[in-house]
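# Descriptive analysis of the structure
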Amino acid sequence: MRFLSLFFSCVFAAGCGIGHAQEVLTYNDFMAWVQDYHPVARQAELTLDLGEQELRMARGGFDPFVFGNLDQKQFKNTEYYNKQEAGISVPTLAGVELLGLVERNTGTYLSSENQVPDNGLFAVGAAVNLGKGLLIDQRRASLQQAKIYAQATEAERIQVLNDLYLQAVEAYWKWAGAHANLMVREEGLRLASIRFEGIKSSFEQGDLPAIDTVEAYTQVLSREIQLQKAQNTYFNRTQDLNVYLWDMDQNPLVIDPEIVPQQLEGYVPGLIDAQAFRELIARHPELQLLDYDLDHLEIERRYKAEQLKPVVKLKYNFLTENFGGLEGIGFMENNYKFGIQVSSPLFLRKERGGLGLTKTKIAMVSNKRELKSQQLRAKLEQGITDYQVLNQQIATFRNNISGLERLVEGERVKFELGESSLFLINARETSLFDALLVNNSLFVDKNIAFSKVRTSAGLGFEGL
């Protein structure tokens, strides 16, 4: 199990409340924490246990079982009959049921067919289906389906973790984006406040008219409102992030106010190997789950097809009085008990209907799989294109921001020389801050887009 740094073991403790200097919760540390301690991640591991228990139940259908019967009648000091029987039955994967039986019967009015030697009668034999149930029966079908279900739980676990991965990624980068926007708004208010104090001082010295102080002050108020909105958004995004923070004892955690995310530009997702991701689609857990559904239905189809056959059940038991040696074993002589059972419905409507229903289900799941495959491929291509376009937009926007910064600086110089106005400075700064907010949103979208490409290819926490 991975652990975060010693800092996080303290800061994330419930009620810790320490740390006056800002500390950084990096993206990788956050994702590792989510993977190790989030309840959904632990719940995903439990799905494997469901498959194991289902397989154990199915294997139980082949457990040997013992049985015994006692039937006696006593009336007016006369023992009418006393019939005792005990045995063991052993189902096998081949569809043959082995049987061992000991029978001891006594009594004055015992039926002749139940009369056995004084020491009892031993029977060893088997029962086999020569018609319905020869190739597959309910027990074998259940075992095969349980094995498929056990495999499907692994794919289901991966899909649950992939969904959690993408949700956690979005929560972190939206939190990081809200923090970056908060920094922009704080810087805007700081500059407006400094400018207001400077203009007010110039007004008091008679260098500027009073109207300039009014305009500077309204700009301060406007940016205070913008900052308050940014603070509220950051608070909400922090609450969203808290949903993914749990300790090792499954207690929810609240992130310390002094902890901040890493810078948006500090995370480099890396290049996308589009061809490699396209090849991963075939092993996507959603497609694997549909494949397991088809395998499950195929076993059901084989079982339903088997029901069209007539029942032909053969039973044969060798009879002997003892097991004292080969010469005393019944099948070396001509002692046996034999039986055959034959039956079949006349119209087989129930059986044919069940088989037709299963075939329809197979066709429906096959169509669903084809559609899901195309949807995943389209989603992957869209994600790759979105990621590439966002990278291009960020590169273009860097030049835009650099140009706006030069315009703001030039307007400030002109204002100090008396060749510009406060209105123009505010307008230039507003354009710059708006561009910085857009730039932040582009980085947030880019980082999330990279994770969307991974989940479209069936990847999640692995490889981080």
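Above this note sits the structure.
Residues numbered from 1 in each chain as written. Predicted model: local features only at pLDDT ≥ 70, side-chain atom pairs only at ≥ 80, totals over all residues. Heavy atoms only, no water.

Let's shift gears to the overall build of the chain. Looking only at helices and strands, the chain features nine helices and eight strands. Its C-alpha atoms give the chain a radius of gyration of 39 Å, more than 25% over the compact-globule value 23 Å for 464 residues. Looking at the chain as a whole, 39% of its 464 residues are labelled buried. The long-range fraction of contacts in the chain, counting pairs at least 24 apart against all pairs at least 6 apart in sequence, stands at 77%. Approximately 26,400 Å² of the chain is accessible, and the part contributed by carbon and sulfur atoms is 55%. Counting 48 positive and 59 negative side-chain charges, the chain places the centres of these two groups 9 Å from one another. (Helix = DSSP H or I, 4+ residues; strand = E, 2+ residues; numbered from the N terminus. Rg over C-alpha atoms; globule rule 2.2 N^0.38 Å. Buried < 20%, exposed > 50% of the residue type's maximum accessible area, 1.4 Å probe, protein only. Contact = heavy atoms within 4.5 Å. Areas by Shrake-Rupley, 256 points an atom, 1.4 Å probe, with all protein chains shown as cover. Lys, Arg positive; Asp, Glu negative; His and termini not counted. Charge placed at Lys NZ, Arg CZ, Asp CG, Glu CD.)

Only one face of strand β5 (residues 121-129) is buried: it carries Leu121, Ala123, Gly125, Ala127 and Asn129, and the other face, with Phe122, Val124, Ala126 and Val128, is open. Sheet analysis places strand β4 (residues 97-106) next to β5, joined by seven bridges and oriented antiparallel. Note on β5: the bridge partner recorded for leucine 99 is glycine 125. Relative to strand β7 (residues 311-320), β5 runs antiparallel, the two sharing eight bridges. Each bridged residue has a counterpart across the sheet, and for valine 124 the counterpart in β7 is phenylalanine 318. (Pairing = 2+ DSSP bridges.)

What follows deals with the nonpolar core. Counting residues in each nonpolar core, the largest one holds 59 residues, and the members touching the most others are Phe30, Tyr172 and Trp173. Sorting the residues of this core by element identifies α2 (27-37), α3 (39-59), α4 (138-204), α5 (210-242), β6 (259-261), α8 (349-416) and α9 (422-456) as the ones contributing at least two each. Examining the composition of this core, we find that 17 residues originate from one element, α4, more than from any other. When residues no more than four places from it in sequence are discounted, the contact partners of tyrosine 172 are Leu25, Thr26, Tyr27, Phe30, Leu241, Pro261 and Gln262. (Core = buried A, V, L, I, M, F, W, Y, C linked by side-chain atoms within 4.5 Å.)

The next thing to look at is the pattern of salt bridges. Under the counting rule described, the total for this entry stands at 18 salt bridges. Here glutamate 197 and lysine 200 are joined by a salt bridge, their closest N and O atoms 3.7 Å apart. Of this pair, glutamate 197 and lysine 200 are both found in helix α4, three residues apart, which corresponds to roughly one turn of the helix. Glutamate 197 sits in the partly exposed class, given a relative accessible area of 43%. Take lysine 200: its relative accessible area is 30%, and that puts it in the partly exposed class. Glutamate 429 serves as the salt-bridge partner of arginine 412, at 2.8 Å between the closest nitrogen and oxygen. Residue arginine 412 is located in helix α8, and its partner glutamate 429 is located in helix α9; the two are separated by 17 residues in the primary sequence. Look at glutamate 429 and you get buried, because its relative accessible area is 1%. (Salt bridge = Lys/Arg side-chain N within 4 Å of Asp/Glu carboxyl O.)

Here we take up the pairing of β4. Note that strand β3 (residues 78-91) and β4 share ten bridges and pair antiparallel. By the bridge assignment, alanine 86 is partnered in β4 with valine 102. Once β3 ends, the chain turns through five residues before running back antiparallel as β4, passing glycine 95 with a positive phi of about 90°.

Direction vectors running N to C along α2 and α4 enclose 140°, while the axes themselves pass 11 Å from each other. Put simply, α2 runs oblique to α4. Regarding α2 and α4, the two cross each other, and that crossing is right-handed. Across the interface between the two elements, Tyr27, Phe30, Met31 and Val34 of α2 pack against Leu164, Tyr165, Ala168, Val169, Tyr172 and Trp173 of α4. Class assignment of the residues belonging to the contact of α2 with α4 gives a composition of ten nonpolar, no polar and no charged. (Axes fitted to C-alpha atoms, helices over the stretch in contact; angles between N-to-C directions. Parallel < 35°, antiparallel > 145°, perpendicular 65-115°, else oblique. Left-handed = near helix turned anticlockwise from the far one by under 90°. Nonpolar A, V, L, I, M, F, W, Y, C, P; charged D, E, K, R; others polar.)

Moving on, we come to α4. Taking 1.5 Å as the rise per residue, α4 with 67 residues should run 99 Å; its terminal C-alpha atoms sit 97 Å apart, in good agreement. By the N-cap criterion, in which a side-chain oxygen at the helix start approaches the backbone nitrogen of a residue two or three places on, α4 is capped by aspartate 137, the distance to arginine 139 being 3.3 Å. Positioned one or two residues after α4, glycine 206 has a phi angle of 85°, which is positive. (Expected span 1.5 Å × (residues − 1). Polar contact = N/O pair within 3.5 Å; in protein donor to acceptor, adjacent residues only side chain to side chain.)

Purely geometric numbers; function is a separate question.
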